[in-house]
Amino acid sequence: SAVISQKPSRDICQRGTSLTIQCQVDSQVTMMFWYRQQPGQSLTLIATANQGSEATYESGFVIDKFPISRPNLTFSTLTVSNMSPEDSSIYLCSAGQYTEAFFGQGTRLTVV
Amino acid sequence: AQSVTQPDIHITVSEGASLELRCNYSYGATPYLFWYVQSPGQGLQLLLKYFSGDTLVQGIKGFEAEFKRSQSSFNLRKPSVHWSDAAEYFCAVGTINDMRFGAGTRLTVKP
């Protein structure tokens, strides 16, 4: 199994600003993912964070709004840029091997 | 395209009663199926998974699930619910690079 730590666990931000969320895994993993969970909703995949190359974004998500870094096999960051109240969500980092995904505790973001 | 349906948005059961949470999936091949639990303010924890073999799978915290290919279902069960089981439960299908989640079922446990 893998233990995933996310920072910060929660934040309240002003609209128009940016927040970078960090995700640290306790072992080397090939795949890391970022999800968004809007209030009362299920999880939606934002992007797959690839080590050594650009992230792969799902439909409806763009790099300018959600830039992602993956400098090594244990770490990734997601930035939520130019925030608006609609970005208020829980952002979850996930990692794992082909058949099993592990999740961080999430970052609860409120944009005011 | 693969998809997951959890028909029940919210379920309330009494402590000690049995529980069944429904999950129906649509998938082109043999599915990989998962149940996750999310406690308030927490991330997702894997309860159990099915890849192949025995269609009745055992998980953590006394949960089990049964894969029924003919019904495209993967329902989660527990014989006796504890107050600490109150949480949001998500069914998911696919591999980790293409995982689809259901909308979730919120479980409330009455004393």
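Above this text you will find the structure in question.
This report concerns the structure included in the present document. Please read these numbers as outputs of a predicted model, since none were measured by experiment.

## Describing the overall build of chain A
- A tally of helices and strands in chain A yields zero helices and 11 strands.
- Taken from the N to the C terminus, the helices and strands of chain A come in the order β-β-β-β-β-β-β-β-β-β-β.
- In terms of overall dimensions, chain A is globule-like: its C-alpha atoms have a radius of gyration of 13 Å, near the 13 Å expected for 112 residues.
- When the backbone C-alpha atoms are referred to their principal axes, chain A occupies close to 35 × 25 × 20 Å.
- Looking at chain A as a whole, 51% of its 112 residues are labelled buried.
- Within chain A, counting contacts between residues at least 6 apart in sequence, those at least 24 apart form 53% of the total.
- Of the roughly 5300 Å² that chain A leaves accessible, carbon and sulfur atoms contribute 48%.
- Here chain A holds 7 positive side-chain charges and 8 negative ones, and the gap between their average locations is 8 Å.

## With respect to the packing of aromatic side chains
- One pass over the full model with this rule turns up 14 aromatic pairs over all chains.
- A ring pair is formed by A:Phe66 and A:Tyr91, whose centres lie 6.5 Å apart and whose planes are at 45 degrees; its orientation type is tilted. On the criterion of sequence distance, the pair formed by A:Phe66 in the loop between β6 (56–57) and β7 (68–72) and A:Tyr91 in strand β9 (residues 89–97) is long-range, its members being 25 residues apart.
- Take A:Phe66: its relative accessible area is 3%, and that puts it in the buried class.
- Assessed through its relative accessible area of 0%, A:Tyr91 is described here as buried.
- Taken together, the ring pairs in this structure connect A:Tyr35, A:Phe103, B:Tyr32, B:Phe34, B:Tyr36, B:Phe51 and B:Phe101 into an aromatic cluster.

## Thoughts on the pattern of salt bridges
Residues and elements named next belong to chain B.
- Tallying each qualifying case throughout the model produces seven salt bridges over all chains.
- Between Glu66 and Arg77 there is a salt bridge, with its nearest N and O atoms 3.2 Å apart. Separated by 11 residues along the polypeptide, Glu66 in strand β8 (residues 64–68) and Arg77 in strand β9 (residues 73–78) bring together distant segments of the chain.
- Here Asp85 and Lys78 are joined by a salt bridge, their closest N and O atoms 2.8 Å apart.
- We classify Lys78 as buried; its relative accessible area is 10%.

## Concerning the interface of chain B and chain A
- The partner chain A presents 18 residues to the 19 residues of chain B that form the contact.
- Both sides together, the interface formed by chain B and chain A hides about 1600 Å², and carbon and sulfur atoms give 58% of it.
- Ranking the residues of chain B by area buried against chain A places B:Leu44, B:Ile96 and B:Phe101 at the top, with a combined share of 36%.
- On the surface where chain B and chain A come into contact, there are one salt bridge.

## Observations regarding the pairing of β7(A)
- Across three bridges, the pairing between β7(A) and strand β8 (residues 75–80) of chain A is antiparallel. Residue pairing across strands places A:Ser69 opposite A:Thr77, the latter belonging to β8(A).

## Details of the pairing of β8(A)
Residue and element names in this part refer to chain A.
- Of all six residues that make up β8, six are buried, and the element is covered over most of its length.
- Burial along β8 is two-sided: the residues Phe75, Thr77 and Thr79 and Ser76, Leu78 and Val80 are all buried.
- Once β7 ends, the chain turns through two residues before running back antiparallel as β8.

## Quick look at the side chain of A:Asp87
All names here are of chain A.
- Following the sequence through the fold, Asp87 ends up in the loop between β8 and β9.
- The buried category is assigned to Asp87, whose relative accessible area is 5%.
- Look past the residues within four positions of Asp87 in its chain and what remains in contact with it is Lys65, Phe66, Val80, Asn82, Leu109 and Val111.

## Comments concerning the state of the cysteines
- Tallied over the full model, the rule gives two disulfides over all chains.
- A sulfur-sulfur separation of 1.9 Å characterises the disulfide bridge that pairs A:Cys23 with A:Cys93. Taking the sign of the torsion about the S-S bond as the criterion, the disulfide between A:Cys23 and A:Cys93, at about -70 degrees, is left-handed. With A:Cys23 in strand β3 (residues 19–25) and A:Cys93 in strand β9, the pair connects residues that are 70 residues apart, well separated along the chain. Considered together, A:Cys23 and A:Cys93 belong to a single accessibility category, that of buried residues.
- A disulfide bridge connects B:Cys23 with B:Cys91, and the sulfur atoms are separated by 2.0 Å.

About the cut-offs
Residues numbered from 1 in each chain as written. Chains lettered and ligands numbered in written order. Predicted model: local features only at pLDDT ≥ 70, side-chain atom pairs only at ≥ 80, totals over all residues. Heavy atoms only, no water. Helix = DSSP H or I, 4+ residues; strand = E, 2+ residues; numbered from the N terminus. Rg over C-alpha atoms; globule rule 2.2 N^0.38 Å. Buried < 20%, exposed > 50% of the residue type's maximum accessible area, 1.4 Å probe, protein only. Contact = heavy atoms within 4.5 Å. Areas by Shrake-Rupley, 256 points an atom, 1.4 Å probe, with all protein chains shown as cover. Lys, Arg positive; Asp, Glu negative; His and termini not counted. Charge placed at Lys NZ, Arg CZ, Asp CG, Glu CD. Phe/Tyr/Trp six-rings, centres within 6.5 Å; stacked < 30°, edge-to-face > 60°. Salt bridge = Lys/Arg side-chain N within 4 Å of Asp/Glu carboxyl O. Buried area = accessible area lost by both parts, 1.4 Å probe. Pairing = 2+ DSSP bridges. Disulfide = S-S within 2.5 Å.

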